[in-house]
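# Observations on the model geometry
Spelled out from the first residue to the last, the chains are:
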Amino acid sequence: MKQVLSAAIIRLLRPLVRILLRNGVPYGSFADLAKRVYVDVAMDEFGIQGRKPTISRVSIITGLSRKEAKRVKGLSYPKDTEAVERYNRAARVISSWVRDKRFSDSKGQPADLPIEGDGASFSELVKLYSGDVPVRAILDELVRVGAIERLPDTRIRLVTRAYLPKTEEDDKLSILGTDVRDIIGTIDHNLRCNSAESFFQRKVSYDNLPAEVLPKVRSFTASEAQALLEKMDRWLSKHDRDINPSVGGTGRKRAGMGIYYFEENLTEGGNNHED
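None of these values were measured; they are calculated from a predicted model.

Criteria and cut-off values
- Residues numbered from 1 in each chain as written.
- Predicted model: local features only at pLDDT ≥ 70, side-chain atom pairs only at ≥ 80, totals over all residues.
- Heavy atoms only, no water.
- Phe/Tyr/Trp six-rings, centres within 6.5 Å; stacked < 30°, edge-to-face > 60°.
- Buried < 20%, exposed > 50% of the residue type's maximum accessible area, 1.4 Å probe, protein only.
- Helix = DSSP H or I, 4+ residues; strand = E, 2+ residues; numbered from the N terminus.
- Arc of directions from axis to C-beta.
- Contact = heavy atoms within 4.5 Å.
- Patch = residues over 30% accessible without salt bridge, like charges linked within 9 Å, V, L, I, M, F, W, Y side chains within 5 Å.
- Areas by Shrake-Rupley, 256 points an atom, 1.4 Å probe, with all protein chains shown as cover.
- Salt bridge = Lys/Arg side-chain N within 4 Å of Asp/Glu carboxyl O.
- Lys, Arg positive; Asp, Glu negative; His and termini not counted.
- Charge placed at Lys NZ, Arg CZ, Asp CG, Glu CD.
- Axes fitted to C-alpha atoms, helices over the stretch in contact; angles between N-to-C directions.
- Parallel < 35°, antiparallel > 145°, perpendicular 65-115°, else oblique.
- Left-handed = near helix turned anticlockwise from the far one by under 90°.
- Nonpolar A, V, L, I, M, F, W, Y, C, P; charged D, E, K, R; others polar.
- pLDDT = per-residue confidence, 0-100.

## A few points about the packing of aromatic side chains
Tallied over the full model, the rule gives 2 aromatic pairs. Aromatic pair Y260 and F262: ring centres 6.0 Å apart, planes at 35°, arrangement tilted.

Written as structure tokens, this is what we have:
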């Protein structure tokens, strides 16, 4: 089992290390972050019931010396709160613009909206779905990433049905920390639970496709996946208490679905050196 896990880790780390090297993150910095997470997870999730977690136990189960475990525990976590919050608020505004019929035209498509005014306006959309963030801040953000365009009559038009940062590398890197966490969390859950409690986890792929067909594959994937995500968004929104305060129930859970597309070059014979 350890051999299989080690092979899986190498596959997982290769694209991550590529990102780290491209952004000037040396091994030492990555190692400190990894050690800090090892210590935190060991203390939070692998303690002995009824006993307070100790550095000595952390040292035993992580393989780090007591001195090193204590050192990395004192390291501060880097924060990406601003980027994550910006992503969440902008994404909510776009998905609500697509979903909420009050902001749709006669054909059921996202309507061109005045920035201010009575009835359906961008200002009203932001107030409903983005809390107390200034309307101008959301407007500038959506303009910045190319999600909306200004029309000659001063209205604004939605030009993309998803929030996809195009200009700031920090925003894209922040998504790495949320989306990859979610898929690994799903795999972890499925490794530990029985089949009746497993989360949906599927993919489809072929490994002998001609390069010429890939543009069609990308286009087909984008249109079909976007339609499914919008359907899922409409369904989930009916059960979210931020959008529908009348929804009852206990606890506070986060749930959703992610879709990703992938492609890679393979050597002759269908084998890749990473495998």
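## Some thoughts on helix α4 (residues 66-73)
Within α4, the full set of buried residues consists of E68, A69 and V72. For α4, the angular spread of buried residues about the axis comes to 100°, placing them on one side. In α4, the exposed residues that point more than 90 degrees away from the buried face are R66, K67 and K70. On its buried side, α4 packs onto α2 (27-45) and α3 (55-62).

## A few points about a positive patch on the surface
Together, K101, K231, R234 and K238 make up a positively charged patch on the protein surface. Tracing the backbone shows R234 in helix α9 (residues 214-237).

## Description of the environment of S195
One can find S195 in the loop between α8 (169-192) and α9. Owing to a relative accessible area of 70%, S195 belongs among the exposed residues under this scheme. A C-alpha to C-alpha distance of 34 Å links S195 and S96, two positions 99 residues apart in sequence.

## A few points about the packing of α2 against α3
Contact geometry of α2 with α3 gives a least axis separation of 9 Å together with a crossing angle of 115°. Taken as axis vectors, α2 and α3 run roughly perpendicular relative to one another. As for the relative orientation of α2 and α3, their crossing is right-handed in sense. Contacts between α2 and α3 involve Y38, V39, A42 and M43 from the former and V58, I61 and T62 from the latter. Here the contact of α2 with α3 is built from residues that sort into 6 nonpolar, 1 polar and no charged.

## Structural notes on the confidence of the model for the protein
When pLDDT is averaged across the protein, the result is 87; 94% of the residues are at 70 or more. Counting contacts from residues 269-275, a segment whose pLDDT is below 50, to residues more than four positions away or on other chains yields 11 contacts.

## A word on the pattern of salt bridges
Side chains that differ in charge, positive against negative, can pair when their charged atoms come close. Summed over all chains, the structure comprises 16 salt bridges. The salt bridge involving D233 is made with R99; its shortest N-O contact spans 2.9 Å. Placement of the pair is D233 in helix α9 and R99 in helix α5 (residues 81-99), with a sequence separation of 134 residues. The closest approach of N and O atoms between E263 and R218, which form a salt bridge, is 2.9 Å. Taken together, the residues E263 in the segment after α9 and R218 in helix α9 connect sequence positions 45 residues apart. Taking relative accessible area as the criterion, E263 reaches 39% and is therefore assigned partly exposed. Salt bridges linked by common partners bring D32, K35, E68 and R71 together as one network.

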